[in-house]
Amino acid sequence: MLSGLEEHINGFRVISGALTVEEQSALLMELAEIVRAAPLVRPLTPWGKPMRVGMTSAGGYGWTTDRRGYRYEPAHPETGRPWPAIPERLLALWARYSDVETPPDSCLINHYPEGGRMGLHQDKDEADFNIPVVSVSLGDPAVFRMGGLQRSEPTSSITLYSGDVVVIGGDARLAFHGVDRIKFGESSLLAAAPEFGAGRINITLRRAAAIDGAASAASGA
Ligand code: SIN
Ligand code: FE2
C-alpha cells in the first residue's frame, strides 16, 4: 500500500492513491472471483426503479434492496448461497484506515457501467454508526458528492480515481453522499476483468451487525 495523499472534505477522509496499480489489479482479480460465485444483480429500489449500478457482496452480510426495502441479507438474492469471504487484502485495508479493531462483516461491490450513478443518500442500515464505512475505488474516475447531515445542506464534489480510499466516519458517518457520474472510458483497469465490463467499481467495507453480535443488522429504509 502507498501512504497516499490525505485530505479532509466535509469530514470525509479522502486518501488519494492508497493502492498501487499492482494492488488494484490484484484486488480486481479477487473481485472477479467473487462475481463468478455471486453474480452482479441490478436490484430494485423500494420504489421499484432499477439501481443504476450492478451489485454483489462478500462477507457475512450483503446490502440489498427490493420493494421490501433496504437491508442486509446473509445470502445472495438469486443463488441463495452465502456471500463469498471478504478478501484478506480488503481486511488489511480496513485495519489500516477504519481505526476500529473489529473486522467488517460486509463488503458491498458496486459496478458502475456507462451512465452509472448513485443519488445522494446516507448509509444508515448498519447497527452502529460509531463504526466508519471504508470505500475503495477502481477503474474509471467518479465525481463523488459530499454533503452534510441534512439533504438540504451545501455539498461539494471531488473526483475519485482508481486506488483512492474514502473513510466515511466520525461526524461525517451519516453525511449525505453520492456519485454524480463516472468519467467513462478514462481507465483501462477493468478491461482485465470481463466479469464486470468497462466502467468503475466501488467497494464499501462496513460493519452491518452490532459488535457484540447480539443485535441483528438494522433493516428497513
Ligand atoms: C456508495 O455511497 O455506496 C458508493 C460511493 C461510491 O461509489 O464512491
Ligand atoms: Fe453510500
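Bear in mind the structure is a predicted one, so any value in this text is a computation, not a measurement.

The rules behind each value
Residues numbered from 1 in each chain as written. Chains lettered and ligands numbered in written order. Predicted model: local features only at pLDDT ≥ 70, side-chain atom pairs only at ≥ 80, totals over all residues. Heavy atoms only, no water. Buried < 20%, exposed > 50% of the residue type's maximum accessible area, 1.4 Å probe, protein only. Helix = DSSP H or I, 4+ residues; strand = E, 2+ residues; numbered from the N terminus. Arc of directions from axis to C-beta. Contact = heavy atoms within 4.5 Å. Polar contact = N/O pair within 3.5 Å; in protein donor to acceptor, adjacent residues only side chain to side chain. Near = heavy atom within 4 Å. Areas by Shrake-Rupley, 256 points an atom, 1.4 Å probe, with all protein chains shown as cover. Nonpolar A, V, L, I, M, F, W, Y, C, P; charged D, E, K, R; others polar. Donors = N, O, S within 2.8 Å, 3.2 Å for Na, K, Ca; no water. Tetrahedral: all angles 85-135°; square planar, octahedral: opposite > 155°, others 65-115°. Patch = residues over 30% accessible without salt bridge, like charges linked within 9 Å, V, L, I, M, F, W, Y side chains within 5 Å. Salt bridge = Lys/Arg side-chain N within 4 Å of Asp/Glu carboxyl O. Lys, Arg positive; Asp, Glu negative; His and termini not counted. Charge placed at Lys NZ, Arg CZ, Asp CG, Glu CD. Phe/Tyr/Trp six-rings, centres within 6.5 Å; stacked < 30°, edge-to-face > 60°.

Participant: Would you explain helix α2 (residues 88–97) in this entry?
Facilitator: Given 3.6 residues to a turn, an α-helix orients residues that are three or four positions apart in the same direction. Taken together, the buried positions of α2 are Leu90, Leu93, Trp94 and Tyr97. On an axial view of α2, the arc spanned by its buried residues comes to 100 degrees, and they lie on one face. Away from its buried face, by an angle of more than 90 degrees, α2 presents the exposed residues Glu88 and Ala95. Elements in contact with the buried residues of α2: β2 (12–16), α1 (21–37), β6 (106–112), β8 (133–139), β11 (165–168) and β13 (200–206). Trailing α2 by a residue or two, Asp99 shows a phi angle of about 65 degrees, which is positive.

Participant: How do you make sense of the environment of His177 when you look at a structure like this?
Facilitator: Among the secondary structure elements, His177 is positioned in strand β12 (residues 177–182). Accessibility expressed as a relative area gives 5% for His177, which makes it buried. With 20 residues separating them in the primary sequence, His177 and Ser157 have C-alpha atoms 9.3 Å apart. Residues in contact with His177, not counting those within four places in the same chain, are Phe12, Gly119, Leu120, His121, Gln122, Asp123, Phe144, Arg145 and Ile168. For His177, the side chain forms a polar contact with the side chain of Asp123, separated by 3.1 Å.

Participant: Got a minute to help me understand the site of ligand 1 in this structure?
Facilitator: Taken together, Tyr112, Met118, His121, Phe144, His177, Val179, Arg200, Asn202 and Arg206 make up the full set of residues near ligand 1. Tyr112 is positioned with one of its side-chain polar atoms (N or O) 2.6 Å from an oxygen atom of ligand 1. Measuring from an oxygen atom of ligand 1, one finds a side-chain N or O atom of Arg200 at 2.8 Å. Against a free-state accessible area of 260 Å², the protein chains account for coverage of 97% of ligand 1. Broken down by secondary-structure element, the contributors of at least two residues to the shell around ligand 1 are β7 (118–121), β12 and β13. Among the elements that line the shell around ligand 1, the one with the most residues is β13, at three residues. Taken together, the residues of the shell around ligand 1 sort by class into four nonpolar, three polar and two charged.

Participant: Looking at this structure, how should I read the coordination of the iron ion (ligand 2)?
Facilitator: A metal bound by six donors in octahedral fashion has ideal angles of 90 or 180 degrees, whereas one bound by four tetrahedral donors has an ideal angle of 109.5 degrees. Ligation of the iron ion (ligand 2) by protein atoms is provided by His121 (NE2), Asp123 (OD) and His177 (NE2), these donors lying 2.1 to 2.2 Å from the ion. Seen from the iron ion (ligand 2), its four donor atoms lie at angles of 87 to 177 degrees, and the figure they make is irregular. Between consecutive donors of the iron ion (ligand 2), the numbers of intervening residues give the motif H-x1-D-x53-H. Classification of Asp123 as buried rests on a relative accessible area of 6%.

Participant: How do you make sense of a positive patch on the surface when you look at a structure like this?
Facilitator: Positive charge collects at one region of the surface, where Arg42, Lys49, Arg52 and Arg117 lie side by side. Looking at the element boundaries, Arg52 is found in the loop between α1 and β3 (54–58).

Participant: Please explain the side chain of Ser135 as it appears in this structure.
Facilitator: Among the secondary structure elements, Ser135 is positioned in strand β8. Residues contacting Ser135, with those up to four places away along its chain left out, are Asp164, Val165, Val166, Asn202, Ile203 and Thr204.

Participant: Explain the packing of aromatic side chains to me, please; I cannot follow it from the model alone.
Facilitator: Applying the stated rule across the entire model yields three aromatic pairs. Geometrically, the ring pair formed by Phe12 and Phe144 is edge-to-face, given 6.0 Å between the ring centres and 80 degrees between the ring planes. Of the two residues, Phe12 sits in strand β2 while Phe144 sits in strand β9 (residues 142–146), which places them 132 residues apart along the sequence. A single burial state applies to Phe12 and to Phe144, both of which are buried. With 6.1 Å between their ring centres and 75 degrees between their planes, Trp47 and Tyr70 make a pair best called edge-to-face.

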